[in-house]
Amino acid sequence: MNLKPEPLAFELSSPGRVGVALPACDVPATPLPKAMLRAELKLPELDELTVVRHFTLLSQKNFSIDSQYYPLGSCTMKYNPKVNEQAAAQPGWRGTHPLVGDAYSQGAIELMYRLQRSLEKIGGFVASSLQPAAGAHGELAGVFMIRAYHVSRGDLKRTTMLIPDSAHGTNPATCTMAGMNVVTIPSNAEGGVDLDQLKAHCNDTVAGIMITNPSTLGLFERNMEKIAGIVHDCGGLVYGDGANMNAIAGIVRPADLGVDVMHYNLHKTFSTPHGGGGPGVGFVGAAPILAPFLPGPVAVEKGGSYAMAMPEKSIGRLKSFYGNFGVLVRAYTYVLMLGEEGMRRMSESAVLNANYLKVLVEKHYKVKFPRRCMHEFVAMGDVAEGIHTLDIAKRLIDYGFHPPTIYFPLIVPEAIMIEPTETESKETLDAFAAVMAKIAEEAKTHPELLHDAPHDTPVGRLDEVAAARCPVLCYRG
Ligand SMILES: *Cc1c(COP(=O)(O)O)cnc(C)c1O
């Protein structure tokens with residue numbers, strides 16, 4: 001018997017069918033203004049059960065971490081304990097309003113204050129802000145802070161940001177958006193920053209460097225202190241992209257390596273589920289030299305009570321009110337639950353899982369930089385003549401796995417960027433590796449299975465360019 005649900009029918013409307021039973025009207029009926037009634041809208045007429053089934057089936061067509069393995073490189077699609085959701089849903093947190101003022105928000109501000117201190121401690125920073133709503137937003141805060149620092153000293157010609165070619169794509173985008181000139185620093189044969197190239201580009205127009213460490217190659221930058229030294233010596237500052245803190249939290253403090261300002265993604269490492277474009281927080285931590293420039297307001301403590309205050313030379317607000325507060329409650333719950341020991345184990349498990357999976361995948365796929373990786377690694381999809389990474393990604397869907405990040409980082413041809421995360425079991429990693437091995441075999445014996453994939457999804461292989469350029473946004477076509 002085929003138990004597979006039927007493909008979604010979208011036209012379910014039936015004339016005269018209704019989903020609600022309203023009580024009899026006990027006020028005089030007033031017709032709606034004619035201008036508001038738009039006949040062309042053709043609102044569907046449906047009963048409640050049909051609506052419930054429609055949306056439930058639709059939700060089941062989605063990939064989610066709660067249903068399937070999701071090793072999407074650089075995105076940390078890990079499992080986030082449900083207790084953090086429960087904490088954020090407590091009526092006291094959920095129902096509070098920023099306009100009630102500091103006096104009536106002591107608990108909420110204390111939570112923000114404690115979270116700031118905990119996250120600062122993890123990175124070795126002295127001050128921080130919870131304003132930015134995303135990682136890239138945190139980057140923007142950091143670049144503005146670096147620029148404000150130089151301007152405050154009357155040093156106006158520093159308009160260049162150096163960015164290694166192994167950086168996350170948001171790094172050059174953010175710097176460009178902030179009005180900086182971006183200069184790309186190439187990687188050396190080991191996948192690290194080429195120090196000679198870096199030195200060659202350091203001069204008195206450099207505002208700073210923006211560096212992703214671990215890089216998007218999943219490699220720890222071993223020369224981090226040297227790099228920071230070179231940039232500091234020429235008068236620049238160091239921005240660290242810490243979106244992937246789950247590789248190093250509790251093990252190394254970026255500020256000790258010379259980072260002056262850094263964001264972490266609370267919606268990756270610190271327990272807010274993401275991927276659907278929901279709310280996030282790009283916490284920004286600062287070393288003493290940049291602390292006065294942080295975006296605000298930030299939570300401060302004065303003699304046992306809490307208040308929101310603007311840092312001394314703040315770059316200003318980046319968001320209305322106080323950031324995405326629910327994300328902060330989840331992160332604080334998570335930090336308390338793990339503690340210092342647990343934070344270190346989180347990172348160690350992320351790195352261990354990635355290295356375990358890398359050894360299994362490496363038997364069938366090239367790995368560009370085969371040295372020990374951090375939380376992720378980059379394999380290559382050119383396993384057979386005429387087979388591309390896209391084919392492998394689509395075939396993985398047939399086996400029930402979300403494809404890894406593909407064709408990124410740009411410096412690895414046919415890249416497959418795999419981030420197993422710390423929350424997956426050995427059984428899941430083994431199952432994924434076995435499927436990767438099977439697909440590498442199919443690529444040689446039955447390439448059409450890869451070229452035609454996916455086979456079992458509601459829609460097959462899409463024209464992704466057309467889908468992005470000419471999207472069909474209405475179900476009526
Ligand atoms: C995810 C990520 C970002 C951007 O974070 P958003 O919240 O998506 O803006 C930046 N850098 C790295 C390394 C990342 O993995």
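Since the structure is predicted, the reported quantities are computational estimates derived from the model, not experimental observations.

Caption draft 1: Quick peek at the sheet that holds strand β2 (residues 160–164). Ordered by their spatial adjacency, 7 strands build an open sheet running β1-β7-β6-β5-β4-β2-β3, and the pairing between neighbours is mixed. Every other strand in the sheet has two partners, leaving β1 (127–129) and β3 (181–185) as the edge strands with one partner each. Sheet twist, expressed as the average angle between the axes of neighbouring strands with direction ignored, equals 20°. Across 5 bridges, strand β4 (residues 206–212) lies against strand β5 (residues 237–242) in parallel orientation. Paired with Ile211 across the two strands is Gly240, which belongs to β5. Sheet strands touched by helix α8 (residues 224–233): β4 and β5. Its angle to β5, the strand with the most contacts, is close to 145°.

Caption draft 2: The arrangement of the nonpolar core in detail. Counting 55 residues, the largest nonpolar core has Leu119, Leu198, Tyr264, Leu266, Phe270 and Leu328 as its most contacted members. Breaking this core down by element, the ones donating at least two residues are α2 (82–88), α4 (106–123), α7 (195–201), β4, α8, β6 (261–265), β9 (305–309) and α9 (325–361). Counting residues per element, this core draws most heavily on α9, at 11 residues. Leu198 has contacts with Leu162, Ile185, Val193, Ile209, Ile227, Ile230 and Val231, leaving out every residue within four places of it along the chain. By size, the runner-up hydrophobic cluster in this structure holds 27 residues, among which are Leu396, Val435, Met436 and Ile439.

Caption draft 3: Geometry of the packing of helix α5 (residues 135–152) against helix α6 (residues 170–177). Axis separation between α5 and α6 bottoms out at 9 Å; the angle between their running directions is 45°. Here α6 runs oblique to α5, going by the angle between their axes. α6 is crossed by α5, and the crossing has right-handed handedness. Contacts from Ala136, Glu139, Leu140 and Val143 in α5 reach Thr170, Asn171, Thr174 and Cys175 in α6. Its residues assigned to classes, the contact of α5 with α6 comprises 4 nonpolar, 3 polar and 1 charged.

Caption draft 4: Looking closely at the site of the ligand. Neighbouring the ligand are 14 residues, the closest being Ser74, Gly135, Asp241, His267 and Lys268. Ala136 is positioned such that a nitrogen or oxygen atom in its backbone is 2.8 Å from an oxygen atom of the ligand. Note that an oxygen atom of the ligand is positioned 2.7 Å from one of the side-chain N or O atoms of His267. Element by element, the count of residues in the shell around the ligand is highest for α5, at 3 residues. Looking at side-chain class alone, the shell around the ligand contains 3 nonpolar, 8 polar and 3 charged residues.

Caption draft 5: Focus on α6. Every buried residue belonging to α6 is among Asn171, Thr174 and Cys175, and all of these are buried. Down the axis, α6 shows its buried residues gathered within 95° of arc, on one side only. Exposed positions of α6 whose direction lies more than 90 degrees from the buried face are Thr176 and Met177. Elements in contact with the buried residues of α6: α5, β2, β3, β4 and β5. Positioned one or two residues after α6, Gly179 has a phi angle of 90°, which is positive.

Caption draft 6: Looking closely at the packing of aromatic side chains. For the structure on display, the rule yields 9 aromatic pairs. Residues Phe63 and Tyr70 carry aromatic rings whose centres are separated by 6.4 Å and whose planes lie at 80° to one another, so their mutual orientation is edge-to-face. Residue classification places Phe63 among the partly exposed positions, given a relative accessible area of 24%. Centre to centre, the rings of Tyr264 and Phe283 are 4.6 Å apart; their planes meet at 40°, and the pair counts as tilted. Here Phe283 lies in strand β7 (residues 282–286) and Tyr264 lies in strand β6, a separation of 19 residues in the sequence. Neither residue differs from the other here; Tyr264 and Phe283 are each classed as buried. Members of the aromatic cluster, each reached through a chain of ring pairs, are Tyr69, Phe401 and Phe432.

Caption draft 7: Spatial organisation of unusual backbone geometry. With an omega dihedral of 0°, the bond running from Asn213 to Pro214 counts as a cis peptide bond. Structurally, the position occupied by Pro214 is in the loop between β4 and α8. Look at the link from Ala453 to Pro454: it is a cis peptide, with omega at 0°. Secondary-structure assignment places Pro454 in the loop between α12 (447–451) and α13 (464–469). Phi angles above zero are rare outside glycine, and Ser271 is one such case at about 80°. Structurally, Ser271 can be placed in the loop between β6 and β7. Even without glycine at this site, Phe321 takes up a positive phi of about 50°. Structurally, the position occupied by Phe321 is in the loop between β9 and α9. Residue classification places Phe321 among the partly exposed residues on the basis of a relative accessible area of 37%.

Caption draft 8: Layout of a nonpolar patch on the surface. Taken together, the side chains of Phe10, Val51, Phe55 and Leu58 present a nonpolar region at the surface, about 340 Å² in accessible area. With respect to the secondary-structure elements, Phe10 resides in the segment before α1 (48–60). By relative accessible area, Phe10 is classed as partly exposed at 41%.

Caption draft 9: The pattern of salt bridges, seen in detail. For the coordinates displayed, the defined rule picks out 20 salt bridges. With a closest N to O distance of 3.2 Å, Lys82 and Asp66 form a salt bridge. Note that Lys82 is positioned in helix α2 and Asp66 in the loop between α1 and α2, a separation of 16 residues in sequence. Note that Asp391 and Arg461 form a salt bridge whose closest N and O atoms lie 3.2 Å from each other. Placement of the pair is Asp391 in helix α10 (residues 389–398) and Arg461 in the loop between α12 and α13, with a sequence separation of 70 residues. According to the relative accessible area criterion, Asp391 is buried, its value standing at 6%.

Rules and cut-offs
Residues numbered from 1 in each chain as written. Predicted model: local features only at pLDDT ≥ 70, side-chain atom pairs only at ≥ 80, totals over all residues. Heavy atoms only, no water. Pairing = 2+ DSSP bridges. Helix = DSSP H or I, 4+ residues; strand = E, 2+ residues; numbered from the N terminus. Axes fitted to C-alpha atoms, helices over the stretch in contact; angles between N-to-C directions. Contact = heavy atoms within 4.5 Å. Core = buried A, V, L, I, M, F, W, Y, C linked by side-chain atoms within 4.5 Å. Buried < 20%, exposed > 50% of the residue type's maximum accessible area, 1.4 Å probe, protein only. Parallel < 35°, antiparallel > 145°, perpendicular 65-115°, else oblique. Left-handed = near helix turned anticlockwise from the far one by under 90°. Nonpolar A, V, L, I, M, F, W, Y, C, P; charged D, E, K, R; others polar. Near = heavy atom within 4 Å. Polar contact = N/O pair within 3.5 Å; in protein donor to acceptor, adjacent residues only side chain to side chain. Arc of directions from axis to C-beta. Phe/Tyr/Trp six-rings, centres within 6.5 Å; stacked < 30°, edge-to-face > 60°. Patch = residues over 30% accessible without salt bridge, like charges linked within 9 Å, V, L, I, M, F, W, Y side chains within 5 Å. Areas by Shrake-Rupley, 256 points an atom, 1.4 Å probe, with all protein chains shown as cover. Salt bridge = Lys/Arg side-chain N within 4 Å of Asp/Glu carboxyl O.

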